[in-house]
Amino acid sequence: MRSKRIIALIISVMLIISMTACDFGTGKGSVYWLNFKPELDATLRSLADKYKEEKGVPVKIETPASGEYLHSLREQMKSEDPPSLFVINNQDAADEWKESAFDLTGTAIYDELNTSSYNFKTEENKLVAIPYCLECFGIAVNPDLLARMGYKVDDIKNFDSLKKVVETIHQNASWLGFDAFCSPDLDSGSSWRLTGHLANLEYYYEEQDSGSWKESPASITGAYLPNYKNLYDLCINNAVSAPETLAEGGHNPTEEFTSGKAAFFLTGSWDYATLSEKIPNVTMIPYYCGVKGEEKAGLNSGSENYWAVNAAVSEADQKATLDFMKWLVTDEAASKAMVDQIGNMPYKNAAKSENGFLAKQNEYISNGNYRMDWLMLHQPNPATYRSELVNALSAYNADRTDANWDKVKEAFVGNWAKLYAEANNKVTIPTEGKMK
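Predicted model only: the values in this text are computed from it and were never measured.

Draft legend 1. Region of interest: the overall build of the protein. Counting secondary structure elements, the protein contains 18 helices and twelve strands. Here the C-alpha atoms of the protein give a radius of gyration of 25 Å, agreeing with the 22 Å that 2.2 N^0.38 yields for 436 residues. Taken along its principal axes, the extent of the C-alpha atoms in the protein is 100 × 45 × 40 Å. Taken over 436 residues, the protein has a buried fraction of 54%. Restricting to contacts in the protein with at least 6 residues of sequence separation, those with at least 24 account for 76%. Of the roughly 19,100 Å² of accessible surface on the protein, a fraction of 49% belongs to carbon and sulfur atoms.

Right under this line is the structure:
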């Protein structure tokens, strides 16, 4: 009798195990995405539910707090339940995780890409990561305000022509009722425009002289810092707010632009929906800064969001993850939800972006203009680097002397080498989910 009970118990346990296996997809595997973009979290959770309902495959989404992604990734990759899908943001990160990443060469998701120019590979030609989000940034322009001074956007072709338009508007701001630039604040909510994005022009042109930055260089020369200064000075000296007030911040550049208080705004494609709602014909021009040949410049475009598949998870989970990635870029409703949130996905069958700034960048490229890569992703210890640059720029804003600009140069150039050495070339992730 006892033996019969034991046999019955064993059969019951086997049935439970069998039913549990069926419940988790009958061997189909599962997906666990450690997401980098906080603003994408709600969309991904909704899509995960939709995918489970349609395909029967469970998808787990986890989004670390802002600034905690790298720490979370390192901890999760050592856990018993590591992510099957994770995000890296530059070549340094690709090199750090190259042993952990599945080679995406020849996969179905790879075949969906419409460009290979953003992919991250190792020296051994292993395809470590592919982009899922492309963005761009430059100088947003309100054509209607320019027209009130008799100018057209096409009149601006380089730094000299930009300077002429900007200074003319600023000189007449009192009777026009608007100024040239939105307030380029240096507080934590806006300083990234100047210490990250604007700084990128110096890095880009320096890279063009020295060769491609496959990894963070140990030092920079600052050869194009005078060009950075050209555009920086133009922004702070011809803005809605006086230079001396920018360190404290508290202004609202987005509102200044959408309400018609300024004609120019340092921003990017993530702001297009907000800006175009109030200014339907809003457009964007490159960072003109006085570099020879800049008439053929395009916008700063790139990504800090690259998919990598964990090579250590089961084959079933790898396949489930690759299938989920392909679904995100080919399913009409899923890809539209993604594109509506992040702007553009570089895949042949993804929903088409309606982002006008991204369309403008495509127009520049079609006309033979060069694309300015996102090299600010190479900044060593970006939080510290940018913080010290903010301090130097704030002092310069308060007293615009050559001596204070020398301090900016030290923060911009000298601190790069110092922080690189301290970090020993360890990869860092930007402090915000969206590149700022």
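Draft legend 2. Region of the structure containing the nonpolar core. Grouped together as the largest cluster of nonpolar side chains are 82 residues, with contacts concentrated most on Tyr-228 and Phe-264. Membership of the second largest hydrophobic core comes to 55 residues, among which are Ile-61, Ile-109, Ala-129 and Met-325.

Draft legend 3. Region of the structure containing the side chain of Asp-41. Position of Asp-41 among the secondary structure elements: in helix α2 (residues 41-55). Classification of Asp-41 by relative accessible area gives buried; the value is 17%. Residues within four places of Asp-41 in sequence aside, it is in contact with Asn-35, Ile-61 and Thr-63.

Draft legend 4. Seen up close, unusual backbone geometry. Even without being glycine, Asn-125 reaches a positive phi, approximately 70 degrees. Among the secondary structure elements, Asn-125 is positioned in the loop between β4 (120-121) and β5 (127-131). Although it is not a glycine, Asn-381 adopts a positive phi angle of roughly 45 degrees. Along the polypeptide, Asn-381 turns up in the loop between β12 (370-372) and α17 (382-398). Residue classification places Asn-381 among the partly exposed positions, given a relative accessible area of 29%.

Draft legend 5. Summary view of the side chain of Glu-206. Along the chain, Glu-206 turns up in helix α10 (residues 199-210). Put simply, Glu-206 is tucked away with no salt bridge, and the nearest opposite charge, on Lys-409, sits 10 Å away. Other than its neighbours up to four places away in sequence, Glu-206 contacts Ile-220, Thr-221, Gly-222, Ala-223 and Tyr-224.

Draft legend 6. Spotlight on the pattern of salt bridges. Per the stated rule, a full pass over the model turns up 17 salt bridges. Among the salt bridges present, the one from Asp-373 reaches Arg-371, with a minimum N-O distance of 2.6 Å. We classify Asp-373 as partly exposed; its relative accessible area is 24%. In the salt-bridge network here, residues are joined through shared partners; they are Lys-37, Glu-39 and Glu-135.

Draft legend 7. Here's a closer look at helix α3 (residues 69-77). Those residues of α3 not exposed but buried are Tyr-69, Leu-70, Ser-72, Leu-73 and Met-77. Viewed end-on, α3 has its buried residues packed into an arc of 160 degrees, placing them on one side of the element. Residues of α3 that are buried sit in contact with β1 (31-34) and β3 (85-88).

Draft legend 8. Broad picture of the confidence of the model for the protein. On average, residues of the protein score 90 in pLDDT, and 91% of them reach the 70 mark or higher. Below pLDDT 50 for its whole length, residues 427-436 participates in 49 contacts with residues either more than four positions away or in separate chains.

Draft legend 9. Spatial organisation of the packing of aromatic side chains. The tally for this structure, following the rule as stated, stands at 32 aromatic pairs. Centre to centre, the rings of Phe-181 and Phe-264 are 5.4 Å apart; their planes meet at 35 degrees, and the pair counts as tilted. With a gap of 83 residues between them, Phe-181 in strand β7 (residues 179-181) and Phe-264 in strand β8 (residues 262-268) connect regions that are remote in the sequence. Put simply, the rings of Tyr-203, Trp-213, Tyr-228, Tyr-232, Tyr-385, Tyr-396, Trp-405, Phe-412 and Trp-416 pair up and form one aromatic cluster. Sitting over the face of the ring of Tyr-32, Lys-60 holds its NZ or CZ atom 4.2 Å from the ring centroid.

Draft legend 10. Local environment of the environment of Ala-173. Relative to the elements of secondary structure, Ala-173 occurs in helix α8 (residues 173-176). We classify Ala-173 as buried; its relative accessible area is 16%. Excluding residues within four positions of it along the chain, Ala-173 makes contact with Phe-178 and Asp-179.

Draft legend 11. Here's a closer look at α17. The terminal C-alpha atoms of α17 lie 24 Å apart, and with 17 residues this matches the ideal 24 Å at 1.5 Å per residue to within 8%. Within α17, the full set of buried residues consists of Pro-382, Tyr-385, Arg-386, Leu-389, Val-390, Ala-392, Leu-393, Ser-394, Tyr-396 and Asn-397. If you follow the buried residues of α17, they end up packed against α9 (192-197), α10, α11 (225-237) and α18 (402-423).

Draft legend 12. Just the state of the cysteines, in detail. All chains considered together, the criterion is met by zero disulfides. No disulfide involves Cys-136; its sulfur sits 11 Å from that of Cys-133, the nearest cysteine. Note on Cys-136: relative accessible area 0%, which makes it buried.

Procedures and definitions
- Residues numbered from 1 in each chain as written.
- Predicted model: local features only at pLDDT ≥ 70, side-chain atom pairs only at ≥ 80, totals over all residues.
- Heavy atoms only, no water.
- Helix = DSSP H or I, 4+ residues; strand = E, 2+ residues; numbered from the N terminus.
- Rg over C-alpha atoms; globule rule 2.2 N^0.38 Å.
- Buried < 20%, exposed > 50% of the residue type's maximum accessible area, 1.4 Å probe, protein only.
- Contact = heavy atoms within 4.5 Å.
- Areas by Shrake-Rupley, 256 points an atom, 1.4 Å probe, with all protein chains shown as cover.
- Core = buried A, V, L, I, M, F, W, Y, C linked by side-chain atoms within 4.5 Å.
- Lys, Arg positive; Asp, Glu negative; His and termini not counted.
- Salt bridge = Lys/Arg side-chain N within 4 Å of Asp/Glu carboxyl O.
- Arc of directions from axis to C-beta.
- pLDDT = per-residue confidence, 0-100.
- Phe/Tyr/Trp six-rings, centres within 6.5 Å; stacked < 30°, edge-to-face > 60°.
- Lys NZ or Arg CZ within 6 Å of the ring centre and 35° of its normal.
- Expected span 1.5 Å × (residues − 1).
- Disulfide = S-S within 2.5 Å.

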